[in-house]
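Geometric and topological summary
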Amino acid sequence: MNGTQHANPRPGSGSDSGPGSVIVVGSGPTGLLLAGDLATAGIPVTLVEKRPRRISNLSRAFVLHARTLEQFDARALADDVEAVGRPLDRLRLFGRLSVDLADLPSRFRHLLVLPQYEVEKVLERRAVAAGVEFRHETETTGVRQDTAQDTVTVEVRGPGGKTETLRAAYVVGADGMHSTVREAVGLPFPGRSAIRSVVLADVRLAEQPETLLSVNAVGDAFAFLAPFGDGYHRVIGWHRGRNVPDSEPLHLDEVKEITRRALGRDFGMHDPRWLSRFHSDERQVPAYRVGRVFLAGDAAHVHTPAGGQGMNTGLQDAANLSWKLAAVLHGHAGSGLLDTYQSERHPVGRSVLRSSGGIVRLAMAKRPWTLALRAALTTVLDHVGPLRRRATGHITGVGFRYPAPRGSHRLTGTRVPDVALAGGGRLYEALRGGRFVLITPHAPTPDAAPTPAASTAPAPGAEAYGAAAGREDRLAVAHWASGRRTTLLVRPDGYVAWAAEDAEAARTEAALDAHVG
């Protein structure tokens, strides 16, 4: 399958893209989202990809979780992926343990099942429309930072072996587990192989599974089954007794046997179009930033596929970093803002690595004490609401919060759900365009009983904070649809930058100066 094809949206502009530009290496979901965000914000972006100009259907990711769907909603992309994906309101992990998403505090109370290449199609269309310059069949061969000129030089080899030098203010390596960018800046990638000799097959089925996603572990075998939507299914399986090299040939009979052991039957698999082995690693780079070079997605962290969190975590990396790079390059924030990418995203990557690994180890439990632990965990999550909600928030991404300065409002750093705004709007519509959103209380009505703060400092209109202050390009101002008295400044990625109760206008203006510029 060749997928989407297009010509470069604009010709190359020479070896120097300018002091306010960004080079993104890698055109997977993470790189495409990041490049599209930056180009939408008016930042010149070159996306370097060693693969030919086509979208591969040989992907391992099949799930978009609620937090990622919220980020897509903030870019007017959620409807596009919902149109080609299939919703699932319960995620089965193994045995009787499953995650019910019906009560998720999100507009998206489900996960969306669709192959990674469908996600890439949507993100690529957006990046092309925004003006990203694509350099396909171009391999990154070196990265060098010039601190005197505040630039990064990227050495590349294009079609026909032609070498070229590209320069930009910043470089983001989203080039996967075997990242050239990571190697070029000298960062280690500590960790280990968690599962070896995992089998992967794309097959047709004579019998359709009862559920959209089939997953289970029984004894020494594990299997996962998901639809592509084109008549084929992806099978991922593992058997404890088959620890062979990735190079060992794989035959359909082995895939069938593993599937029968784990799922009870092989669904009449036939006509494989892809058979391979791979190993699943758990690794994380110690630093997501080295000077003017950043790492995101699998270049920064890789996890086991348990819980479907890998692609989602990379997309959240991109959503966190893109608005910060744009703010710094436009002169609205100091370069110190970029340090928060490490402090906010590295702990999330570490947490996902631990949880996905924990799921796999429990699924593969064999010793009596690990089997007892798995049974106990299943019982606890079934009956203890707070723990179940915490686990659900972790897997879906809606439960993560970022560090907040000491003395901050309790909401600072938390994700904001898609709240209703006055006039019939909602928050994630207001976030479109990559702007901050300031949500303020309504000004008191003449017959209302005002609070002392509200009576002395009624809420100003949108113009006072936005247009009149020269911020209309990066700030939207809205009122709560309810009578809530909290003033909330929401970052472009949907997290709280600042909050206060019954805030005076001067205090709000000071917060805008600090965060929006």
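Before any of the text, the structure's been laid out above.
Residues numbered from 1 in each chain as written. Predicted model: local features only at pLDDT ≥ 70, side-chain atom pairs only at ≥ 80, totals over all residues. Heavy atoms only, no water.

**Observations regarding the overall build of the protein**
- Secondary structure summary: the protein contains 14 helices and 24 strands in total.
- Looking at the protein alone, contacts between residues at least 24 apart form 71% of all its contacts between residues at least 6 apart.
- Accessible surface, the protein: about 21,800 Å² in total, of which carbon and sulfur atoms supply 51%. (Helix = DSSP H or I, 4+ residues; strand = E, 2+ residues; numbered from the N terminus. Contact = heavy atoms within 4.5 Å. Areas by Shrake-Rupley, 256 points an atom, 1.4 Å probe, with all protein chains shown as cover.)

**Overview of the pairing of strand 14 (residues 214–218)**
- Along strand 14, 4 of the 5 residues are buried, which leaves the element largely enclosed by surrounding structure.
- Bridge count for strand 14 against strand 15 (residues 221–227) is 5 bridges, and the pairing is antiparallel. In the strand pairing of strand 15, Asn 216 is matched with Ala 223.
- The antiparallel pairing of strand 14 with strand 15 creates a hairpin that spans 2 residues between the two strands, and Gly 219 there sits at a positive phi of about 60 degrees. (Buried < 20%, exposed > 50% of the residue type's maximum accessible area, 1.4 Å probe, protein only. Pairing = 2+ DSSP bridges.)

**As for the packing of aromatic side chains**
- All chains considered together, the criterion is met by 7 aromatic pairs.
- With 5.1 Å between their ring centres and 70 degrees between their planes, Phe 62 and Phe 228 make a pair best called edge-to-face. Residue Phe 62 is found in the loop between strand 2 (45–48) and strand 3 (63–64), and its partner Phe 228 is found in the loop between strand 15 and strand 16 (233–239); the two are separated by 166 residues along the sequence. Of the two residues examined, Phe 62 and Phe 228, each falls in the buried class.
- An angle of 50 degrees between the planes, with centres 6.0 Å apart, marks the rings of Tyr 170 and Phe 294 as tilted. Of this pair, Tyr 170 sits in strand 12 (residues 170–173) while Phe 294 sits in strand 19 (residues 293–295), placing them 124 residues apart in sequence. Per residue, the accessibility class of Tyr 170 equals that of Phe 294, and both read buried. (Phe/Tyr/Trp six-rings, centres within 6.5 Å; stacked < 30°, edge-to-face > 60°.)

**With respect to the packing of helix 1 (residues 29–40) against helix 4 (residues 116–130)**
- Contact pair helix 1 / helix 4: the axes reach a minimum separation of 8 Å and the direction vectors enclose 20 degrees. When the interaxial angle is binned, helix 1 and helix 4 end up roughly parallel. The chirality of how helix 1 crosses helix 4 is left-handed. In this structure, helix 1 uses Pro 29, Leu 32, Leu 33, Gly 36, Asp 37, Ala 39 and Thr 40 to contact helix 4, whose residues at the interface are Gln 116, Glu 120, Leu 123, Glu 124, Arg 126, Ala 127 and Ala 130. (Axes fitted to C-alpha atoms, helices over the stretch in contact; angles between N-to-C directions. Parallel < 35°, antiparallel > 145°, perpendicular 65-115°, else oblique. Left-handed = near helix turned anticlockwise from the far one by under 90°.)

**Section: the sheet that holds strand 9 (residues 139–146)**
- Strand order in the open sheet formed by 3 strands is 9-10-11, and the pairing between neighbours is antiparallel. The open sheet has two free edges, formed respectively by strand 9 and strand 11 (163–168), since each of these has just one partner strand. The sheet shows a mean angle of 20 degrees between the axes of neighbouring strands, taken without regard to direction.
- Looking at chain direction, strand 10 (residues 151–157) and strand 11 are connected through 6 bridges and run antiparallel. Residue pairing for strand 11: Arg 157 is matched across the bridge by Thr 163.

**A closer look at the side chain of Arg 182**
- The topology assignment puts Arg 182 in helix 5 (residues 180–184).
- Among buried charged residues, Arg 182 stands out as having no salt bridge; its nearest opposite-charge side chain is Asp 175, 6.4 Å away.
- In this structure, Arg 182 is in contact with Gly 176, Met 177, Leu 187, Pro 188, Phe 189, Val 285, Leu 295, Asp 298 and Ala 299, ignoring residues within four places of it in sequence. (Lys, Arg positive; Asp, Glu negative; His and termini not counted. Salt bridge = Lys/Arg side-chain N within 4 Å of Asp/Glu carboxyl O.)

**Re helix 6 (residues 252–263)**
- Here helix 6 contains 12 residues, and its C-alpha end-to-end distance of 16 Å stays within 8% of the 16 Å for a straight helix at 1.5 Å per residue.
- Those residues of helix 6 that fall on the buried side of the exposure criterion are Leu 252, Glu 254, Val 255, Lys 256, Ile 258, Thr 259 and Ala 262.
- Buried-residue contacts for helix 6 involve strand 13 (191–204), strand 14, strand 15, strand 16 and strand 17 (270–284).
- The positive-phi residue at the C-terminal boundary of helix 6 is Gly 264, with phi of around 95 degrees. (Expected span 1.5 Å × (residues − 1).)

**Re the sheet that holds strand 21 (residues 436–440)**
- Overall, mixed pairing links the 4 strands, which are arranged 22-21-23-24 in an open sheet. For this open sheet the edge positions go to strand 22 (475–479) and strand 24 (496–501), each flanked by a neighbour on one side alone. Ignoring which end each strand starts from, the neighbouring axes of this sheet average 15 degrees apart.
- In the sheet, strand 21 pairs with strand 22 via 5 bridges, with the strands oriented parallel. Counted as the bridge partner of Ile 439 is Ala 478 from strand 22.
- Docked against the sheet, helix 14 (residues 505–515) engages strand 21, strand 22, strand 23 (486–490) and strand 24, running at close to 170 degrees with respect to strand 24.

**Regarding the pattern of salt bridges**
- Counting across every chain of the model gives 36 salt bridges.
- Notably, a salt bridge pairs Asp 73 with Arg 432, separated by 2.8 Å at the nearest N-O pair. Note that Asp 73 is positioned in helix 2 (residues 66–73) and Arg 432 in the loop between helix 11 (427–430) and strand 21, a separation of 359 residues in sequence.
- Among the residues examined, Arg 432 registers a relative accessible area of 30% and is labelled partly exposed.
- The shortest N-O distance in the salt bridge between Glu 164 and Arg 135 comes to 3.1 Å. Of the two residues, Glu 164 sits in strand 11 while Arg 135 sits in strand 8 (residues 133–135), which places them 29 residues apart along the sequence.
- You can call Arg 135 buried: its relative accessible area is 12%.
- Beyond isolated ion pairs, a larger network of salt bridges with shared partners links Asp 73, Arg 107, Asp 418, Arg 426, Glu 429 and Arg 432.

**Focus on the nonpolar core**
- By size, the foremost hydrophobic cluster in this structure holds 65 residues, and its most contacted members are Leu 64 and Phe 72.
- A per-element tally of this core places helix 7 (residues 310–329) first, with 7 residues.
- In this structure, Leu 91, Leu 200, Ala 226 and Ile 395 belong to the second largest nonpolar core, which totals 25 residues. (Core = buried A, V, L, I, M, F, W, Y, C linked by side-chain atoms within 4.5 Å.)

**Things to note about the environment of Asn 216**
- In this structure, Asn 216 sits in strand 14.
- Exposure remark for Asn 216: the relative accessible area of 11% places this residue in the buried category.
- Here Ala 262 takes part through its backbone oxygen, which lies 3.3 Å from a polar atom of the side chain of Asn 216. (Polar contact = N/O pair within 3.5 Å; in protein donor to acceptor, adjacent residues only side chain to side chain.)

**Some words on the pairing of strand 24**
- In terms of burial, strand 24 is a largely internal element, 5 of the 6 residues being buried.
- As judged from the 5 bridges shared by strand 23 and strand 24, these two strands associate in the antiparallel manner. Directly across from Leu 488, in strand 24, lies its bridge partner Ala 499.
- If you look at the hairpin formed by strand 23 and strand 24, you'll find 5 residues sitting between the two strands, and Gly 494 has a positive phi there, around 90 degrees.

Just distances and angles here, no functional claims.
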